[in-house]
Amino acid sequence: MTHDAPTDHLTRFLLEQASVRGVHVRLDATWQQIRARADYPAAVADLLGQAIAASALFTGHTKVDGRLSIQFRGSGALRTLFAECTGAGTLRGIATVADGQDADAVDLRALGSDALLAITIENPGARGQEQTRYQSLVALDADTLSQAFEGYFVQSEQLPTRLLLAADGERVAGLMLQKLPGDEGDAHGWQHASVLFDTLGATELLQTPADLLLHRLFHQDGVQVLGGKPLRFGCSCSRERVTGMLESLGEAEARAAAAANAGNVDVHCEFCGQSYRFDGADLDTLFAAPPGSAHGAPDRLQ
């Protein structure tokens, strides 16, 4: 990577001699924009940053035309975490912490018996059909998020996989390796690549540009860059989506919310900070139209 190369980028690569594919992600400005929108405890910010990097990594591993999200929900100090990357390369994320609870340390194994971690892929339907949605649960029986996702891919895809995620206040980064499916390749190729992977630490992953890192680790394995894409912060909220949400709530509930707020419904997007206001005339127009005539109706602002 040259000194003026973009840092918010996804890179796909191949270790031809080892029959191994990989994805590298590094985010600077994108992470700083997400990080600046809330004052998270350090451990929560670290976990959110790793999840942001993972969501981008996985779009380079799996075909995603819509969006891929990583979602956590629990009843402990960390209540929710959401990280999303779209097929277009836009990312957003957020976490919520319970009031009055210590979130200075986050232990995946101690997040509670009701804690859930899921990967969800939503792709648009072809020719006007409904979108397709796939969701898989990730076991929280590992010491780190990297190990939890690594175990998930080994179990779900039955392919050897290595994963490292890292985050600090300036940037987040991730590296993923996986044995090519249906290709035995060099009998020692995967083992050699995995040994090299184990020499990589979080600090080096965060500080080293992609091309230098890949050359440093895998130049003996014939590393080839297959392609990539720029990444940036972006939110999918819009007035149209909020309108659809209000329509799904129903007229009675929407007007009750307006009555409790000086005649206006105010909706604030916590991801990007955008605010949407609907006054009485807006509600009259919305509920005068046949239901669903102009807007999709998501069950929540996304």
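Up top is the structure these notes are about.
Below: a short report on this structure. (Residues numbered from 1 in each chain as written. Predicted model: local features only at pLDDT ≥ 70, side-chain atom pairs only at ≥ 80, totals over all residues. Heavy atoms only, no water.)

**Quick look at the sheet that holds strand β4 (residues 78-86)**
We apply this condition: By definition, two strands form a pair when at least two bridges between them are found by DSSP. Secondary structure elements are taken from DSSP: a helix is a run of H or I of four residues or more, a strand is a run of E of two residues or more, and numbering for both begins at the N terminus. Any two residues whose heavy atoms approach within 4.5 Å are treated as being in contact. Between N-to-C directions, angles span 0 to 180 degrees; the directions come from axes that are lines fitted to C-alpha atoms, helices contributing only their stretch in contact.
Here we have six strands laid out as an open sheet, ordered β7-β6-β3-β4-β5-β11, and mixed in their pairing. What marks the edges here is a single partner per strand, and that holds for β7 (132-137) and β11 (232-233). With seven bridges connecting them, strand β3 (residues 67-73) and β4 associate as antiparallel partners. By the bridge assignment, Ser69 is partnered in β4 with Glu84. Contacting β3, β6 (116-123) and β7, helix α3 (residues 145-157) runs over the sheet at an angle of about 60° to β6.

**Describing the pairing of strand β2 (residues 20-27)**
Stated formally: For each residue, the accessible area found with a 1.4 Å probe, counting protein chains only, is set against the maximum for its type, and the residue is called buried under 20%, exposed over 50%, and partly exposed in between.
For β2, the buried fraction is high: seven of the eight residues fall into the buried class. Hairpin connection between strand β1 (residues 9-15) and β2: a loop of four residues separates the two successive antiparallel strands, and Ser19 in this loop has a positive phi of roughly 55°. In this sheet, strand β9 (residues 172-179) lies alongside β2 in antiparallel orientation, the contact comprising eight bridges. Bridging from a neighbouring strand, Arg26 pairs with Ala173 of β9.

**Digging into the packing of aromatic side chains**
Stated formally: A pair of aromatic rings is counted whenever rings of Phe, Tyr or Trp (Trp by its six-membered ring) have centres within 6.5 Å, and the orientation is called stacked for planes under 30 degrees apart, edge-to-face for over 60 and tilted otherwise.
Applying the stated criterion across every chain yields a total of four aromatic pairs. Seen in terms of ring centroids, Phe58 and Phe149 are 5.2 Å apart; in terms of plane orientation they differ by 80°. Their pairing is edge-to-face. Remark: Phe149 occurs in helix α3 and Phe58 occurs in helix α2 (residues 42-61); sequence separation between them is 91 residues. Given the relative accessible area of 1%, Phe58 is considered buried. When its relative accessible area of 0% is taken as the criterion, Phe149 is described as buried.

**Notes on empty space enclosed by the protein**
Definition in use: Site definitions follow a grid-based scheme: protein atoms alone, a 1 Å grid, a 1.4 Å probe that fits but cannot get out for cavities, and for pockets an open set with protein on both sides within 12 Å along at least five of seven lines, plus lining residues having an atom within 4 Å of a point. Grid points are joined across faces, edges and corners, and a volume is the space filled by probe spheres set on the points.
Counted by the stated rule, this structure contains two cavities of 30 Å³ or more. Within the residue set of the lining of the largest cavity, elements represented by two or more residues are α2, β3 and β4.

**Describing helix α7 (residues 239-249)**
Residues of α7 that are buried include every one of Val242, Thr243, Gly244, Met245, Leu246 and Glu247, and no others. Where the residues of α7 are buried, they touch β12 (265-268), β13 (275-278) and α9 (280-288).

**As for the sheet that holds β2**
The strand order β8-β9-β2-β1-β10 describes an open sheet built from five strands, whose pairing is antiparallel. Bordering the open sheet on either side are β8 (161-167) and β10 (223-230), each of which pairs with just one other strand. Along the sheet, successive strands turn relative to each other by an average axial angle of 10°, direction set aside. Here helix α4 (residues 189-198) sits on the sheet and contacts β1, β2, β8 and β9; the angle it forms with β8, its principal contact strand, is near 15°.

**With respect to unusual backbone geometry**
Glycine aside, residues mostly have negative phi, and peptide bonds are mostly found in the trans state. Its identity as a non-glycine residue notwithstanding, Gln158 has a phi of 55°, on the positive side. Topologically, Gln158 is positioned in the loop between α3 and β8.

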